[in-house]
Amino acid sequence: MAFCNSCGTTLEAGAKFCPKCGAAIPMAAAIAATAPSAPATPPQGSSALKVILILVAGVIVLGVLGIGTLVFVIHRVAHNSRIRNRDANVQVETPFGSVQSTNNPDEAVRNLGIDPYPGARVLQGNSATIGGMHTVSAQFESDDSTDKVAAFYSSKLPNASVNTKDQNHYTIVSTDKKNIVTINIAPEGSKTRINIATVTGKNVTGSNSSD
């Protein structure tokens, strides 16, 4: 809004002369009267940047806390773990349970809980006990064919829930309330490789039936 410099009368937009005293209106005053004032634009860019910086800072803080927790847990496990090595047996005791590794044939057979194939050679064996669950795995090698080895274990586990053959590869799985036995039989060159894994514990198959 503009006013006359001579008499102070309010001027209309674009007026060149004062309607009261007739004085000429300077061009700058006329332009000021006609130009609308631009509304102030809020600094949206700076607000968005602040939000992004806050989110990034939050992610960094969570990452640092997560790494710190992981380092603390690893340190506690390492501090409370014990490793014992005697002959062919290695035993690792941790706060979560124990892990035992052995390549002793007698030890592997005793832990498996199932008869090995007659004449098979033990290649390796491992066992672990964690939270009341006992797992054992062993690998054997035999000079006999896969068919003959599969027939032997099929007779040992007549009620197996899985007994399949894919070409010369056999898979036998037997389950009950407290045991799971998995046997894989496959050719390995001129030999037959036998992998046996057992899991033993209370209700390992999730069954709620009584004995």
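The structure presented is a predicted model; accordingly, all values stated were derived computationally and were not measured. (Residues numbered from 1 in each chain as written. Predicted model: local features only at pLDDT ≥ 70, side-chain atom pairs only at ≥ 80, totals over all residues. Heavy atoms only, no water.)

Trainee: Can you lay out the packing of aromatic side chains for me, pointing to particular residues and giving the numbers?
Mentor: This model, assessed by the stated rule, comprises two aromatic pairs. Summarising the aromatic geometry, the rings of Y117 and F152 are spaced 5.3 Å apart at their centres and angled 90° between planes, so their arrangement reads as edge-to-face. Remark: F152 occurs in helix α4 (residues 146-156) and Y117 occurs in the loop between α3 (105-112) and β6 (121-130); sequence separation between them is 35 residues. Overall, F152 belongs to the buried group, its relative accessible area being 18%. Judged by centre distance (5.0 Å) and plane angle (85°), the ring pair of F152 and Y153 falls under edge-to-face. (Phe/Tyr/Trp six-rings, centres within 6.5 Å; stacked < 30°, edge-to-face > 60°. Helix = DSSP H or I, 4+ residues; strand = E, 2+ residues; numbered from the N terminus. Buried < 20%, exposed > 50% of the residue type's maximum accessible area, 1.4 Å probe, protein only.)

Trainee: Any chance you could break down the pairing of strand β9 (residues 169-175) for me, citing the residues and the numbers?
Mentor: Consecutive residues of a regular strand have side chains that alternate between opposite faces of the sheet. As judged from the five bridges shared by strand β8 (residues 162-166) and β9, these two strands associate in the antiparallel manner. Residue pairing for β9: K165 is matched across the bridge by Y170. Where β8 folds back on β9, the antiparallel hairpin that results is connected by two residues, among which Q167 adopts a positive phi of roughly 55°. Here six bridges tie β9 to strand β10 (residues 179-188), and the two strands are oriented antiparallel to one another. By the bridge assignment, T171 is partnered in β10 with N184. The hairpin turn running from β9 into β10, its antiparallel successor, is three residues long. (Pairing = 2+ DSSP bridges.)

Trainee: Describe the side chain of R193, naming the residues involved and giving the relevant values.
Mentor: Examined against the element boundaries, R193 turns out to sit in strand β11 (residues 191-200). Of the residues examined, R193 reaches a relative accessible area of 19% and is grouped as buried. Polar contacts involving the side chain of R193 include one to the side chain of Q139, which spans 3.3 Å. If sequence neighbours within four positions are ignored, R193 has contacts with L123, Q139, F140, E141, N184, I185, A186 and E188. (Polar contact = N/O pair within 3.5 Å; in protein donor to acceptor, adjacent residues only side chain to side chain. Contact = heavy atoms within 4.5 Å.)

Trainee: Mind laying out unusual backbone geometry, listing which residues take part and the relevant values?
Mentor: You will see that Q167, though not glycine, has its phi angle at about 55°, which is positive. Classification of Q167 as exposed rests on a relative accessible area of 64%.

Trainee: If you had to explain the pattern of salt bridges to someone new, which residues and values would you point to?
Mentor: Tallying each qualifying case throughout the model produces seven salt bridges. Of the charged contacts in the structure, one is a salt bridge between R193 and E141, with a shortest N-O distance of 3.8 Å. With R193 in strand β11 and E141 in strand β7 (residues 133-142), the pair connects residues that are 52 residues apart, well separated along the chain. Pair check on accessibility: R193 and E141 agree, each one buried. In this structure, the salt-bridge partner of D147 is K165, at a minimum N-O distance of 3.7 Å. With a gap of 18 residues between them, D147 in helix α4 and K165 in strand β8 connect regions that are remote in the sequence. If you follow the salt bridges from partner to partner, you end up with R121, E141, D143, K191 and R193 in one network. (Salt bridge = Lys/Arg side-chain N within 4 Å of Asp/Glu carboxyl O.)

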